[in-house]
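# Report on the structure
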Amino acid sequence: ALAPDGCPVSPRAAAFDPFERPYQLDPAEALRWSREQEPVFYSPRLGYWVVSRYDDIKAIFRDNLTFSPSIALEKITPASREAQAVLESYDYGMNRTLVNEDEPAHMARRRELLEAFSPEALEAHAPVVRRLVREKLDAIIDRGRADLVAEMFWEVPLTVALHFLGVPEEDMEQLRRFSVAHTLNTWGRPSPEQQVEVAEGVGKFWQYSGEVLRKMQARPEGHGWMYDMIEKNRQKPDVVTDNYLHSMMMAIIVAAHETTALATANAFRQLLSRPEVWTDLCDNPALIPAAAEECLRHSGSVVAWRRIATRDAEVGGVTIPEGGKILMVTASANHDPAHFENPDELDIYRDNAVDHLTFGYGSHQCMGKNLGRMEMRIFLEEFTRRLPHLELEEQEFTFLPNTSFRGPEALWVRWDPAQNPERRDP
Ligand code: HEM
C-alpha cells in the first residue's frame with residue numbers, strides 16, 4: 001500500500017509491524033513513541049491508520065456512524081487464492097454478527113438479546129464457574145507445578161461459554177483448535193502455507209457451527225443465549241436473520257471464551273510477578289474485583305479493535321479519508337498518561353481503572369463483560385484461598401502472533417504442596 005498523498009510517512013510509522021516481536025510482547029510499550037509523538041499515523045505495511053491515544057480512540061468508539069465497525073471481523077491479511085478456494089469449498093459465509101453490524105440493524109438486534117446479560121441471569125452462572133475452577137484445582141493441587149493455561153485457563157471459560165450459550169458440550173480440544181484458526185484467520189498474518197491450513201480450520205469451524213445450530217434448532221426446549229437467538233429468529237427473522245444465527249454461532253464461541261481465557265492468564269501473570277500485591281489479595285479478598293479490573297486495564301486480552309471511516313473525518317488533528325481503515329490500539333490507550341496516572345504501574349487501588357477500553361466503548365461495548373469479570377474473580381478467589389503460596393516460574397512467554405487477542409500461550413507456576421492450607425488445616 002502507498003502512503004496517502006501529501007501525508008509523508010515517518011520512519012517509525014513505516015517500520016510499524018504488529019506481527020513482530022515488540023508489539024506481541026507489549027503493544028502499549030511498542031506504541032509509546034506514537035502516543036508521545038505521532039498519535040495517529042498511517043501504516044503502509046498494514047494498510048491501516050493506527051490510533052494510540054485514549055481520547056482519540058474513545059472519540060472513534062463514540063461515533064459508530066462515522067467510524068463503522070463493519071470490518072471488525074474482516075481478515076486483516078487478505079486470503080491467498082488457495083486459501084480462498086478452501087474457504088469456498090466449505091461454503092464459508094461468516095458475515096454480520098453484532099460486533100460488526102451497522103445501525104440501525106445492530107441496536108434493534110442488541111436490544112432483543114439483552115436479557116441473558118442481566119445481573120440476575122449472570123449470577124445464576126457463578127456456581128457453575130466455581131465448581132469448574134474447584135474441580136480443575138483439585139486435579140493439580142498436590143502436584144506442586146502446573147501450566148495454568150493448559151490445565152484450566154482456556155477450558156473453564158470455554159465450558160462456561162458453551163453453558164451460557166446452551167451449546168451441548170462438544171469436543172473441547174477441537175473447539176480450541178478452531179478458535180486458534182479463527183484468531184489467526186481474522187487478526188493474524190499467516191504465511192502462504194499456513195493460510196491454507198488456517199482456512200481448513202476455519203472452514204471446518206463454519207460447517208461445525210452450522211451442524212450444532214441445526215441440532216439446537218431441532219431441540220427448541222433448550223436454555224441459553226443461542227436459544228434466545230433461535231427463538232427471536234423465529235419471531236423476528238428480519239431482525240435476527242438466518243445468516244446472523246450461523247455467523248454468531250461461530251463468532252461467539254471465540255468471543256466468549258478466548259477473551260476471558262487470555263485475560264485470566266494475563267492477570268495471573270501480572271499479579272504473581274508482584275508477590276506483595278498477590279499477598280494483599282490473599283489477606284484481603286475484597287480487593288479482588290478492583291485487582292481484576294486493573295489487570296484488564298494494564299494487560300488486557302483484547303489489545304486492538306477496528307473501524308472504517310464512512311466519510312473523511314478528523315482524528316487527533318489528522319484527516320482519515322473515507323474508506324480509511326483504522327486500528328485502535330486500546331492497549332496503548334490504557335497506558336496513556338493523559339488519562340491514567342503512572343499508567344505503566346499496576347496499581348490495584350487506582351480509582352479510574354474501570355475507564356479502560358479493553359471491552360470497547362459506546363454502543364458496541366462488550367455485552368459479556370460482566371461474565372468475563374465474574375470468571376476472573378472466581379479464579380482469583382479460589383487460587384488466593386487454596387494456593388496463597390503460588391509462585392510464578394522463571395519463563396519466556398510466547399504469544400499467538402496477531403493484532404488483537406493477547407495472552408501468554410503457557411503460564412508455569414509452582415508451589416509447595418506441603419504448605420497447602422487445606423493440608424495443614426483440613
Ligand atoms: C464485543 C472484549 C468477554 C460477548 C466486544 C468488544 C470487545 C470485547 C473489545 C468490541 C466492543 C466495541 O466494538 O466497542 C471482551 C473481553 C472479554 C470479553 C476483553 C473478556 C475479558 C465476552 C464474553 C461474551 C462476550 C464472555 C459472551 C458471553 C460479546 C458480544 C459483543 C462483544 C456479544 C458484541 C456487542 C455489540 O457489538 O453490540 N467484546 N469480551 N464478550 N463481546 Fe466481548
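Presented here is an overview of the structure given in this document. This one's a predicted model, so the numbers in the text were calculated from it and none came from an experiment.

Moving on, we come to the overall build of the protein. Check the secondary structure of the protein and you find 20 helices and 10 strands. Radius of gyration (C-alpha) of the protein: 21 Å, near the 22 Å computed for a compact globule of 426 residues. Across the 426 residues of the protein, 56% fall into the buried class. By sequence separation, contacts in the protein at least 24 residues apart represent 75% of the contacts at least 6 residues apart. A total of about 18,100 Å² of accessible surface is found on the protein, and carbon and sulfur atoms cover 49% of it.

Moving on: the site of the ligand. Taken together, 30 residues form the shell around the ligand, and within it His106, Arg110, Arg307, His364 and Cys366 come nearest. Val99 places a polar main-chain atom, nitrogen or oxygen, 3.4 Å from an oxygen atom of the ligand. In this structure, an oxygen atom belonging to the ligand sits 2.6 Å away from a side-chain N or O atom of His364. When atoms are counted within 2 Å of each cavity's grid points, the one that captures over half of the ligand is the largest cavity.

A separate point is empty space enclosed by the protein. This structure, assessed with the given rule, holds two cavities of 30 Å³ or more. Looking at the largest cavity, its volume works out to about 790 Å³. The wall of the largest cavity is formed by 44 residues, among which Val99, Ala255, Thr259, Cys366 and Met367 lie closest to the centre. At the level of secondary structure, the elements contributing two or more residues to the lining of the largest cavity comprise α7 (105-112), α12 (172-187), α15 (242-272), β5 (305-309) and α19 (369-386). Of the residues assigned to the lining of the largest cavity, the class counts are 26 nonpolar, 13 polar and five charged. Taken as a whole, the second largest cavity spans an internal volume of roughly 30 Å³. Lining the second largest cavity, in full, are Tyr23, Gln24, Pro27, Val303, Leu400, Asn402, Phe405 and Arg406.

Here we take up the coordination of the iron atom of the ligand. There is one protein donor for the iron atom of the ligand, and it is Cys366 (SG), at 2.3 Å. Within the element layout of this structure, Cys366 appears in the loop between α18 (330-333) and α19.

In the segment running from Glu103 into Pro104, the intervening peptide bond is cis, with an omega of 0°. Along the chain, the position of Pro104 falls in the loop between α6 (81-89) and α7. The backbone of Asp91 shows a phi angle near 55°, a positive value even though the residue is not glycine.

By secondary structure assignment, the location of Ser301 is in the loop between α17 (288-298) and β5. A polar atom in the side chain of Ser301 sits 2.8 Å from the backbone oxygen of Thr259. The residues contacting Ser301, other than those within four sequence positions of it, are Thr259, Leu262, Ala263, Asn266, Thr358, Ser404, Phe405 and Arg406.

We now examine the sheet that holds strand β4 (residues 145-147). The sheet built from three strands is open, its strands ordered β4-β10-β9 with antiparallel pairing. Every interior strand has two partners, whereas the edge strands, β4 and β9 (391-392), have only one. As paired strands, β4 and strand β10 (residues 412-414) are joined by three bridges and run antiparallel to one another. Within β10, the position partnered with Asp147 by the bridge is Trp412.

Glancing now at the pattern of salt bridges. Considering all chains together, one arrives at 29 salt bridges under this definition. The salt bridge involving Arg130 is made with Glu381; its shortest N-O contact spans 2.6 Å. Taken as a pair, Arg130 in helix α9 (residues 126-140) and Glu381 in helix α19 lie far apart in primary sequence, 251 residues in all. Residue Arg130 is classed as partly exposed on the basis of its relative accessible area of 25%. On the basis of relative accessible area, Glu381 is assigned to the partly exposed category, the value being 27%. A salt bridge links Glu155 to Lys136; the shortest N-O distance between them is 3.4 Å.

The next thing to look at is the packing of aromatic side chains. Between two aromatic rings, the relevant description is the distance of the centres plus the angle of the planes. Counted by the stated rule, this structure contains 17 aromatic pairs. Judged by centre distance (5.6 Å) and plane angle (90°), the rings of Tyr54 and Phe340 are edge-to-face. Placement of Tyr54 in helix α5 (residues 54-62) and of Phe340 in the loop between α18 and α19 is noted, with a sequence separation of 286 residues between them. Classification of Tyr54 as buried rests on a relative accessible area of 1%. Residue classification places Phe340 among the buried positions, given a relative accessible area of 0%. Between Phe268 and Trp278, the aromatic rings sit 5.9 Å apart at their centres with planes inclined by 55°, giving tilted as the arrangement. Of this pair, Phe268 sits in helix α15 while Trp278 sits in helix α16 (residues 275-283); the two residues are 10 residues apart in sequence, bridging distant segments of the chain.

Below, the discussion takes up the pairing of β5. β5 sits mainly inside the fold: five of its five residues count as buried. Every second residue of β5 is oriented toward a common face, with Trp305, Arg307 and Ala309 on one face and Arg306 and Ile308 on the other, all of them buried. As paired strands, strand β3 (residues 67-68) and β5 are joined by two bridges and run antiparallel to one another. When the sheet's bridge partners are listed, Phe67 is paired in β5 with Ala309. Pairing of β5 with strand β8 (residues 325-328), which is carried by four bridges, proceeds in the antiparallel orientation. Paired with Trp305 across the strands is Met328, a residue of β8.

Procedures and definitions
- Residues numbered from 1 in each chain as written.
- Predicted model: local features only at pLDDT ≥ 70, side-chain atom pairs only at ≥ 80, totals over all residues.
- Heavy atoms only, no water.
- Helix = DSSP H or I, 4+ residues; strand = E, 2+ residues; numbered from the N terminus.
- Rg over C-alpha atoms; globule rule 2.2 N^0.38 Å.
- Buried < 20%, exposed > 50% of the residue type's maximum accessible area, 1.4 Å probe, protein only.
- Contact = heavy atoms within 4.5 Å.
- Areas by Shrake-Rupley, 256 points an atom, 1.4 Å probe, with all protein chains shown as cover.
- Near = heavy atom within 4 Å.
- Polar contact = N/O pair within 3.5 Å; in protein donor to acceptor, adjacent residues only side chain to side chain.
- 1 Å grid on protein atoms, 1.4 Å probe; cavity = no way out; pocket = protein on both sides within 12 Å on 5 of 7 lines; lining within 4 Å.
- Sits in = over half its atoms within 2 Å of the grid points.
- Points joined across faces, edges and corners; volume = space filled by probe spheres on them.
- Nonpolar A, V, L, I, M, F, W, Y, C, P; charged D, E, K, R; others polar.
- Donors = N, O, S within 2.8 Å, 3.2 Å for Na, K, Ca; no water.
- Pairing = 2+ DSSP bridges.
- Salt bridge = Lys/Arg side-chain N within 4 Å of Asp/Glu carboxyl O.
- Phe/Tyr/Trp six-rings, centres within 6.5 Å; stacked < 30°, edge-to-face > 60°.

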